[in-house]
Amino acid sequence: QQIGSNAGLRTQYGVILPPGARVAAYVRSTGVQSGDDAFLATNLVQTLAAGLARVRPGFGDFVVCLPGHVENVADATTFSAALVAGTKVIGIGRGANMPTFTWTTTAAQWAIAANDVQITGIRISPIGINAVVLPINITGTDVGIIGAYTDAAGCGCGDFSGHSVARSCPCGVAAWEFPALA
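Quick caveat: nothing in here was measured; it's all calculated off a predicted structure.

*Asks:* Help me out: how do you make sense of the confidence of the model for the protein in this one?
*Replies:* Atomic detail in the predicted coordinates should be set aside for any region of low pLDDT. Averaged over all residues, the pLDDT of the protein equals 76, while 70% of them reach at least 70. Predicted confidence for residues 153-182 stays below pLDDT 50, and this span has 79 contacts to residues more than four positions away or in other chains.

And the structure:
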């Protein structure tokens, strides 16, 4: 539930929604469903890029990808053009219900040049097409891809560039952290 007092949301597990931040959008490829509450229905979009377009830079806003969301990554600009500093992308779901992003062209890419971006709880599937050159290219600082699952037969993720040490994409559950470079 959105908090109107701007006080954030805190649980015994820590701060979930920091003060000043908000849930900018919910993402579900199937759109509004029966039983969705009014807040979710009003803030629901069908693509991650549409959700990212609602994020305010530097506020720590969240985009929540709902269970069962599926989306194709077909180019190198749609995601990148909408991403701003401080964005948090949170996937909800487990196993086959985890939000899934599948690369569908060899040039498809998430280019993450914005700083302080966190992506968690999603399934990354760069095997939608053979020979994806560089599915994720991180040049921003303080970027984390945490608790993501990589679908792969041989992985084929390539390396994350823009850092002093190339970061290979491991198969299976991944926690990739990219702190600021010295």
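Next, the rest of the story.
*Asks:* In this structure, what is going on with the pairing of strand E7 (residues 88-91)? I would like to understand it.
*Replies:* Moving residue by residue along a regular strand, the side chains alternate between the two faces of the sheet. Direction of pairing for strand E5 (residues 62-65) relative to E7: parallel, over a ladder of four bridges. Residue pairing for E7: Val63 is matched across the bridge by Val89. Summarising the sheet, E7 and strand E10 (residues 118-120) pair through three bridges and their orientation is parallel. Bridge pairing links Val89 to Ile119 in E10.

*Asks:* Hey, could you run me through the side chain of Asp61 in this one?
*Replies:* Looking at the element boundaries, Asp61 is found in the loop between helix H2 (48-52) and E5. Once residues lying within four places of it in the same chain are set aside, the contact partners of Asp61 are Gly20, Ala21, Arg22, Ala24, Arg54, Val55, Arg56, Gly86, Thr87 and Lys88.

*Asks:* Teacher, can you tell me more about the packing of aromatic side chains here?
*Replies:* How two aromatic rings sit relative to each other is set out by the distance from centre to centre and by the angle between their planes. Enumeration according to the criterion identifies four aromatic pairs in this entry. With a centroid separation of 6.1 Å and 85° between ring planes, the pair formed by Tyr26 and Phe39 is classed as edge-to-face. You can see Tyr26 sitting in strand E3 (residues 23-27) and its partner Phe39 sitting in helix H1 (residues 38-42), a full 13 residues away along the chain. On the basis of relative accessible area, Phe39 is assigned to the partly exposed category, the value being 30%. Seen in terms of ring centroids, Phe101 and Trp110 are 5.1 Å apart; in terms of plane orientation they differ by 65°. Their pairing is edge-to-face. Through a chain of ring-to-ring contacts, the aromatic side chains of Phe79, Phe101, Trp103 and Trp110 assemble into a single cluster. In this structure, Arg56 is placed above the aromatic ring of Phe59, and the distance from its NZ or CZ to the ring centre is 4.2 Å.

*Asks:* Help me out: how do you make sense of the nonpolar core in this one?
*Replies:* Soluble globular proteins: nonpolar side chains tend toward being buried together. Core analysis: the biggest nonpolar cluster contains 30 residues, and Leu48, Trp103, Trp110, Ile112 and Ile119 have the highest contact counts within it. Excluding anything up to four places from it in sequence, Ile112 contacts Phe79, Leu83, Val117, Ile119, Ile136, Asn137, Ile138, Thr139, Gly140 and Val143. Grouped together as the second largest cluster of nonpolar side chains are six residues, Tyr26, Leu40, Leu44 and Leu66 included.

*Asks:* I would appreciate a short explanation of the pattern of salt bridges in the present structure.
*Replies:* Under the criterion given, the structure shown has four salt bridges. Arg28 is paired through a salt bridge with Asp36; the nearest N and O atoms lie 2.2 Å apart. One network of salt bridges, in which partners are shared, links Arg22, Arg56 and Asp61.

How each quantity is defined
Residues numbered from 1 in each chain as written. Predicted model: local features only at pLDDT ≥ 70, side-chain atom pairs only at ≥ 80, totals over all residues. Heavy atoms only, no water. pLDDT = per-residue confidence, 0-100. Contact = heavy atoms within 4.5 Å. Pairing = 2+ DSSP bridges. Helix = DSSP H or I, 4+ residues; strand = E, 2+ residues; numbered from the N terminus. Phe/Tyr/Trp six-rings, centres within 6.5 Å; stacked < 30°, edge-to-face > 60°. Buried < 20%, exposed > 50% of the residue type's maximum accessible area, 1.4 Å probe, protein only. Lys NZ or Arg CZ within 6 Å of the ring centre and 35° of its normal. Core = buried A, V, L, I, M, F, W, Y, C linked by side-chain atoms within 4.5 Å. Salt bridge = Lys/Arg side-chain N within 4 Å of Asp/Glu carboxyl O.

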